There are 2 protein chains.
Amino acid sequence: VTDVLSIDPRTGQATEAVAQESSGSDVDRACRQAAHAAPALAAMGREGRATLLDAMAAALEDAREEIVLLADRETALGTARLHGELTRTCYQLRQFAEALREGSYLQASIDHAADTAMGPRPDLRRMLVPLGPVAVFGASNFPLAFSVPGGDTAAALAAGCPVVVKGHPNHPATSLRCLEALRSACRATGAPEGTLSLVFGQEAGTALTLHPEVRAVGFTGSERGGRALFDLACSRPDPIPFYGELGSLNPMVVTPGAAAERSAEIARGLAQSLTQGAGQFCTKPGLVFLPDDPEGRLLLQRLAAAVGDVPPAPLLTQGIATAFTTAVGALRDRTGLDRLTPDPDGPLEGYAVRPALVSVPADGLDPDLLQECFGPLGVVVTYRSDAELLALLQRLPGALTGTVHRGAAEEGLPAQVAAELSQRVGRLLFDGYPTGVAVAWSMQHGGPWPATTNPLHTSVGMASMSRFLRPLTWQNAPHDVLPVELRDPDPGIPRRIDGTLVLPSGG
Amino acid sequence: VTDVLSIDPRTGQATEAVAQESSGSDVDRACRQAAHAAPALAAMGREGRATLLDAMAAALEDAREEIVLLADRETALGTARLHGELTRTCYQLRQFAEALREGSYLQASIDHAADTAMGPRPDLRRMLVPLGPVAVFGASNFPLAFSVPGGDTAAALAAGCPVVVKGHPNHPATSLRCLEALRSACRATGAPEGTLSLVFGQEAGTALTLHPEVRAVGFTGSERGGRALFDLACSRPDPIPFYGELGSLNPMVVTPGAAAERSAEIARGLAQSLTQGAGQFCTKPGLVFLPDDPEGRLLLQRLAAAVGDVPPAPLLTQGIATAFTTAVGALRDRTGLDRLTPDPDGPLEGYAVRPALVSVPADGLDPDLLQECFGPLGVVVTYRSDAELLALLQRLPGALTGTVHRGAAEEGLPAQVAAELSQRVGRLLFDGYPTGVAVAWSMQHGGPWPATTNPLHTSVGMASMSRFLRPLTWQNAPHDVLPVELRDPDPGIPRRIDGTLVLPSGG
């Protein structure tokens, strides 16, 4: 039996053992309970699950102070950020509750029996139904927004799928406290036992991904870890969808016009975005293209100063801190690369590191600089011409986001840059910064490999439910076996009826 | 260089060599042309591609007589069936054209900049965009509906994705003739070179699945072949979605009430569904549960007689005929299994086989009977009680369809059967037969493994486009870089605006 320790990144000290790693039979029990819960969770219906999600938001808020203090002790992300993260999670739960009540996520469609150009067509009725138990891998960097509570869990529960979370080892006490809050909401609203479980340990994660009852996996983490689990999910006798968010460079292009017009503002905004949360955001703009002209060089100088002014901050875990220090150290010894921020003067406490900025000319953009480095490192690439810039962009791997900063009067280059970036990203920003992902219907959080394992989906926003739903068609079904959403009387949700999208009459 | 032969299944004679297997450089050229075509195909817009699809339907109809004769010579499916198949394909192309004009498939959503409970939200606009070049593997059993023309090709082109088809070796002349017709439509409507290509050969299929420019694969075929290609697609440095339709038993349950009330009708309908197209439908009801009571036994007797009356028919290929004969032969030697149809008296011409029906008691339903047998074989399982039936259903693998035949006054058992089946299928039928898949908004053609590799999708109906689309969000984008569907003025399509689904005002 291996203890799961709660460690303070500010000191590196383990304060307590809060749990044990889960055994194979623990995982099996959680998955079987989830499978057993699935029909009852589905049977709660849209209103029942909306009530559950609202109660979960209220329960998290009731325990807010305790949860935020625990999370801060385990992640050192700061209470302000963690309060915001919890608010975001509660907001998202309530928005899913609204989406359930609105009902369009079901894609309900009715084709009455009819004669068509193809001959007689039977009565067909289609909507999305829950996929079954979902495994969720908690992320290190979002203890409240992508962990036991958070996007994947909320989306799966909203869809009607029980969840087994594999808790991230860097915040076990936070995970347990959140589980307690969420389970109290389950009890209060009559959700079945087995709606939400928590397991710990790498072997438990493997067992979860391979368990016959698990129907899909949501994962947020490293490219290496995610790829290994993705391969496992695909290797099953019955492969299951694996929704992994892995690594993303989030390229940002500053055009010559933007550098000339907004140098100070961009330096300030970019330094903030690069170092926010100690650079541990999946949307950190890790690769920046600046023009190799006087305005671009001034911007680079200002950016270096701004990044250099940011004080050291602890990373989440010893592993992340070591990987970061090693990566930055390797850059130091590299020829043709300018290191623009000072080295730390002496060892820092706990897992703290100092933000770093480097720059290379276009021909120095080697493949190893096209890998995400988790933590406060920015790589600047300087370009000498539009053609050189556009050729560089064609070499970029997939990313969650891509950003263009353009001058007020520029048209040709920004449009070309946007066209190149749009092939490779899930969100295209103009004159902004990619960190800070709004929870909204129109948000997209996902992108071509390696940003995510499946570019058709999002892990933020209401559309993220669709990862955990599958279509089912009823043919010539008697009305009494049909779900209420597919019976003829208007159930108060948008539906497609005989090919035409129809809004609810009471709406 | 290996010749691709055109073979007549009625005689087993190769009539001509119509093509050569494609080389690695042929595949590479086709994929590069497809990638080159992608932006231009996307730029045709919804109306441009709708015009292309309409023109494709017209071009296929113009060549109808020639295509049907070629397809009949290469597949022996009969001209009546093949005329129907071509009609279906043209109907589907035109329905996709309508879906493009209607525009809801884009899932367009606009969230204007606003203050929210989470603080200020930027302007966010999201819709689905083409995924990129798609590889389509033609199926042996649908030379016109799942091959060069057909569901996958139509869905991908509608989505805006160029297509490279790996033609099935059993109908190369048909494939080439269809390609010619579809390409003439491309030329007539200004679609880019590289919109649609055709390659031949197993190695070409492997190369296609691994080609860096290919963004998704649509496949219809055997579980073994599909699994091998699925594994390849997942093994890529950048894994891509693989939409495979593999094997399906399409279980059908006849309740005691239905057997008592509609014995003759069910025997006739089921025999027809089992042997239609020589049993080479993906939706063939291959596994039938009948009550072990006097009415069930009478139904079984009638079914055996009806199946025995169906004359021999040629299967599509020598490989399929050999596999079928071997599988049926292995059943003959099995203890505890009743063979209910006569053996063929002497060898049959070409690839012809005789339909076969066997029955086993519930405890004889071994795992090897839970594998699809392609061709006119039906396996009947007799059950002695409701409990025995429900326990059997829990052992079933995923399937495209599941069917319940129930008595007029029955309620409890049919509902329980439907609940069990609905966990394992994509389409649930009542009192009907699963062969014959209507092209409609509410159709679902897909199901849990091994029916399809991804139960979230359909390969028939308008929703099948979503396999080849990915979401993209524009944040704070100037209006001139936005697609017309995401600009503020009503573009005449359904959109979600600030969270509310809105129908076009002119609609």
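Further up the page is the structure itself.
Residues numbered from 1 in each chain as written. Chains lettered and ligands numbered in written order. Predicted model: local features only at pLDDT ≥ 70, side-chain atom pairs only at ≥ 80, totals over all residues. Heavy atoms only, no water.

Student: Could you give an account of the overall build of chain A, with specific residues and numbers?
Tutor: Tallying secondary structure elements over chain A gives 13 helices and 23 strands in all. Here chain A has a C-alpha radius of gyration of 24 Å; the compact-globule value for 507 residues is 23 Å, and the two agree. Taking the principal axes of its C-alpha atoms as reference, chain A extends roughly 75 × 60 × 40 Å. The 507 residues of chain A split such that 63% are buried. (Helix = DSSP H or I, 4+ residues; strand = E, 2+ residues; numbered from the N terminus. Rg over C-alpha atoms; globule rule 2.2 N^0.38 Å. Buried < 20%, exposed > 50% of the residue type's maximum accessible area, 1.4 Å probe, protein only.)

Student: Describe in detail the sheet that holds strand β15 (residues 338–339) of chain B, supporting the description with residues and values.
Tutor: Strand order in this open sheet of 12 strands is β23(A)-β22(A)-β3(A)-β6(A)-β21(A)-β20(B)-β19(B)-β12(B)-β13(B)-β18(B)-β17(B)-β15(B), and the pairing throughout is mixed. Two strands close off the open sheet at either side, each with one partner strand: β23 (500–502) of chain A together with β15 of chain B. In this structure, strand β12 (residues 252–254) of chain B lies alongside strand β13 (residues 287–291) of chain B, joined through two bridges in parallel fashion. Paired with M252 of chain B across the strands is V288 of chain B, a residue of β13 of chain B. Along the sheet, helix α10 (residues 294–309) of chain B contacts β12, β13, β17 (356–361) and β18 (377–383) of chain B; its crossing angle with β17 of chain B, the most-contacted strand, is approximately 160 degrees. (Pairing = 2+ DSSP bridges. Contact = heavy atoms within 4.5 Å. Axes fitted to C-alpha atoms, helices over the stretch in contact; angles between N-to-C directions.)

Student: Account for the relation of the copies chain B and chain A, naming residues and giving values.
Tutor: Each of the two chain copies goes to the other by way of a rotation about an axis and a shift along it. Of the two same-sequence chains, chain B is brought onto chain A (RMSD 0.0 Å, axial shift 0.0 Å) by a rotation of 180 degrees. Such a combination of turn and shift is consistent with a two-fold rotation axis. Of the C-alpha atoms belonging to chain B, the one lying closest to the rotation axis is found on C234 of chain B, 3.5 Å away. Most of the interface of chain B is mirrored in chain A: 100% of its interface residues are interface residues there too. (Least-squares fit on C-alpha atoms with pLDDT ≥ 70 in both.)

Student: Give me helix α6 (residues 172–189) of chain A: which residues, what numbers.
Tutor: Residue and element names in this part refer to chain A. Taking 1.5 Å of rise per residue, the 18 residues of α6 would be expected to cover 26 Å, and the 26 Å separating its terminal C-alpha atoms lies within 8% of that figure. Buried residues of α6: P172, A173, T174, S175, R177, C178, L179, A181, L182, A185 and C186, and no others. Looking at the buried positions of α6, the neighbouring elements they touch are β1 (3–8), β2 (13–20), α2 (45–62), α3 (64–75) and β9 (196–199). Positioned one or two residues after α6, G190 has a phi angle of 75 degrees, which is positive. (Expected span 1.5 Å × (residues − 1).)

Student: Can you break down the packing of helix α1 (residues 24–43) of chain A against α2 of chain A residue by residue, with the values?
Tutor: Residues and elements named next belong to chain A. Relative to each other, α1 and α2 sit at 105 degrees, their axes nearing to 7 Å. In terms of their interaxial angle, α1 and α2 are classed as roughly perpendicular. Contact residues: L41, A42 and A43 in α1; G45, R49 and L52 in α2. Of the residues contributing to the contact of α1 with α2, the split by class is four nonpolar, one polar and one charged. (Parallel < 35°, antiparallel > 145°, perpendicular 65-115°, else oblique. Nonpolar A, V, L, I, M, F, W, Y, C, P; charged D, E, K, R; others polar.)

Student: Give me the lowdown on the side chain of Q95 of chain B, citing residues and values where you can.
Tutor: Residues and elements named next belong to chain B. Tracing the chain through its elements places Q95 in helix α4 (residues 79–102). The exposure class assigned to Q95 is buried, which follows from its relative accessible area of 11%. If near-sequence neighbours (up to four positions away) are discounted, Q95 is found in contact with V439, A440 and M462.

Student: Can you lay out the interface of chain B and chain A for me, pointing to particular residues and giving the numbers?
Tutor: In this complex, chain B contributes 71 residues to the contact, which on the side of chain A involves 71 residues. Note on chain B versus chain A: buried area summed over both sides is about 5700 Å², and carbon and sulfur give 60% of it. Run the count over chain B and chain A and you get three salt bridges. We note a salt bridge from R406 of chain B to D480 of chain A, for which the minimum N-O separation is 4.0 Å. Among the elements of the structure, α4, β3 (109–111), β6 (124–130), α8 (223–235), β20 (425–430) and β21 (469–475) of chain B are those that each provide at least two residues to the side of chain B that touches chain A. Of all the elements, β21 of chain B adds the most residues to the side of chain B that touches chain A, at seven residues. Split into classes, the residues belonging to the side of chain B that touches chain A amount to 36 nonpolar, 18 polar and 17 charged. Sheet analysis places strand β21 (residues 469–475) of chain A next to β20 of chain B, joined by three bridges and oriented parallel. Residue pairing across strands places W474 of chain A opposite L428 of chain B, the latter belonging to β20 of chain B. (Buried area = accessible area lost by both parts, 1.4 Å probe. Salt bridge = Lys/Arg side-chain N within 4 Å of Asp/Glu carboxyl O.)

Student: Break down empty space enclosed by the protein for me, with residues and values.
Tutor: The tally for this structure, following the rule as stated, stands at five cavities of 30 Å³ or more. Here the largest cavity defines a volume of roughly 1200 Å³. Lining the largest cavity are 42 residues, and of these S104, Y105 and Q107 of chain A together with S104 and Q107 of chain B sit closest to its centre. Taken together, the elements giving at least two residues each to the lining of the largest cavity come down to β6 (124–130), β21 and β22 (495–497) of chain A together with β6, β21 and β22 (495–497) of chain B. A breakdown of the residues in the lining of the largest cavity according to their chemical character gives 24 nonpolar, 12 polar and six charged. Size it by volume and the second largest cavity reaches roughly 290 Å³. Lining the second largest cavity are 21 residues, and of these F230, P241 and N454 of chain A together with F230 and N454 of chain B sit closest to its centre. Residue classes in the lining of the second largest cavity are distributed as 15 nonpolar, six polar and no charged. (1 Å grid on protein atoms, 1.4 Å probe; cavity = no way out; pocket = protein on both sides within 12 Å on 5 of 7 lines; lining within 4 Å. Points joined across faces, edges and corners; volume = space filled by probe spheres on them.)

Student: An account of the side chain of E410 of chain A is requested, with residue identities and associated values reported.
Tutor: Residue and element names in this part refer to chain A. Looking at the element boundaries, E410 is found in the loop between β19 (399–405) and α13 (412–422). Of the side chains with opposite charge, R406 comes closest to the buried, unpaired E410, at an N-O distance of 6.7 Å. Polar contacts involving the side chain of E410 include one to the side chain of T255, which spans 2.4 Å. A polar contact of 2.8 Å, which involves the side chain of E410, links it to the backbone nitrogen of G407. (Lys, Arg positive; Asp, Glu negative; His and termini not counted. Polar contact = N/O pair within 3.5 Å; in protein donor to acceptor, adjacent residues only side chain to side chain.)

Student: Outline the environment of Q92 of chain B, supporting the account with residue identities and numerical values.
Tutor: All names here are of chain B. Along the chain, Q92 turns up in helix α4. Residue Q92 is classed as buried on the basis of its relative accessible area, which comes to 1%. Counting along the chain gives 63 residues from Q92 to A155, while the straight-line C-alpha distance between them is 9.2 Å. If we skip the residues at most four places from it in the chain, Q92 touches G150, G151, V439, V460, G461 and M462.

Student: How would you summarise the sheet that holds β3 of chain B if you had to cite specific residues and measurements?
Tutor: Here we have 12 strands laid out as an open sheet, ordered β15(A)-β17(A)-β18(A)-β13(A)-β12(A)-β19(A)-β20(A)-β21(B)-β6(B)-β3(B)-β22(B)-β23(B), and mixed in their pairing. With partners counted over all chains shown, the strands left at the sheet margins are β15 (338–339) of chain A together with β23 (500–502) of chain B, one partner each. Sheet topology note: the β15 of chain A/strand β17 (residues 356–361) of chain A ladder contains two bridges and is antiparallel. Across the sheet, the residue bridging to R339 of chain A is V358 of chain A, located in β17 of chain A.

Student: Would you mind going over the pattern of salt bridges in detail, with residue names and values included?
Tutor: Overall, the coordinates contain 57 salt bridges over all chains when judged by the stated rule. When the shortest N-O distance is used, the salt bridge between R339 of chain A and D343 of chain A registers 2.4 Å. A relative accessible area of 23% means that R339 of chain A is categorised as partly exposed. With its nearest N and O atoms 3.8 Å apart, the salt bridge here joins E180 of chain B to R177 of chain B. Placement of the pair is E180 of chain B and R177 of chain B together in helix α6 (residues 172–189), with a separation of three residues, close to one helical turn. Of the residues examined, R177 of chain B reaches a relative accessible area of 14% and is grouped as buried. Several salt bridges converge on common partners, so that one network encompasses E47, D54 and R101 of chain A.

Student: Let's hear about the nonpolar core: which residues, and what values?
Tutor: Grouped together as the largest cluster of nonpolar side chains are 252 residues, with contacts concentrated most on F289 and W474 of chain A together with F289 and W474 of chain B. Residues within four places of F289 of chain A in sequence aside, it is in contact with P251, M252, V253, V254, L365, V381, Y383, L389, L392, L393 and L396 of chain A. Core analysis: the next-biggest nonpolar cluster, separate from the first, contains 42 residues, L229 and F242 of chain A together with A135 and V217 of chain B among them. (Core = buried A, V, L, I, M, F, W, Y, C linked by side-chain atoms within 4.5 Å.)

Student: Which residues make up the packing of aromatic side chains, and what values do they have?
Tutor: Counted under the stated rule, the structure contains 14 aromatic pairs over all chains. Plain terms: the ring middles of F219 of chain A and F242 of chain A are 5.7 Å apart, the flat faces sit at 35 degrees to each other, and that makes the pair tilted. Of this pair, F219 of chain A sits in strand β10 (residues 216–220) while F242 of chain A is found in strand β11 (residues 242–245), placing the two residues 23 residues apart along the sequence. Ring pairing ties together the aromatic residues F137, F219, F230, F242 and W449 of chain A, which thus form one cluster. Here the basic side chain of R467 of chain B rests over the ring of Y243 of chain B, its NZ or CZ set 5.9 Å away from the ring centre. A cation sits over an aromatic face here: R496 of chain B above W441 of chain A, 3.7 Å from the ring centre. (Phe/Tyr/Trp six-rings, centres within 6.5 Å; stacked < 30°, edge-to-face > 60°. Lys NZ or Arg CZ within 6 Å of the ring centre and 35° of its normal.)

Student: Lay out the packing of α3 of chain A against α6 of chain A in plain terms, naming residues and giving numbers.
Tutor: All names here are of chain A. One can describe the packing of α3 onto α6 by two numbers: an axis separation of 8 Å at closest approach and a directional angle of 160 degrees. Put simply, α3 runs roughly antiparallel to α6. Remark: the crossing between α3 and α6 carries left-handed chirality. Across from E66, I67, L70, A71, R73 and E74 in α3, the residues of α6 making contact are P172, A173, T174, R177 and C178. (Left-handed = near helix turned anticlockwise from the far one by under 90°.)

Student: Describe unusual backbone geometry, listing the residues and the values that go with them.
Tutor: Each neighbour pair has its own omega, and for W449 of chain A with P450 of chain A the value is 5 degrees, a cis peptide bond. In this structure, D431 of chain B is a non-glycine residue whose phi angle is positive, near 55 degrees. As for its placement among the helices and strands, D431 of chain B is situated in the loop between β20 and β21.

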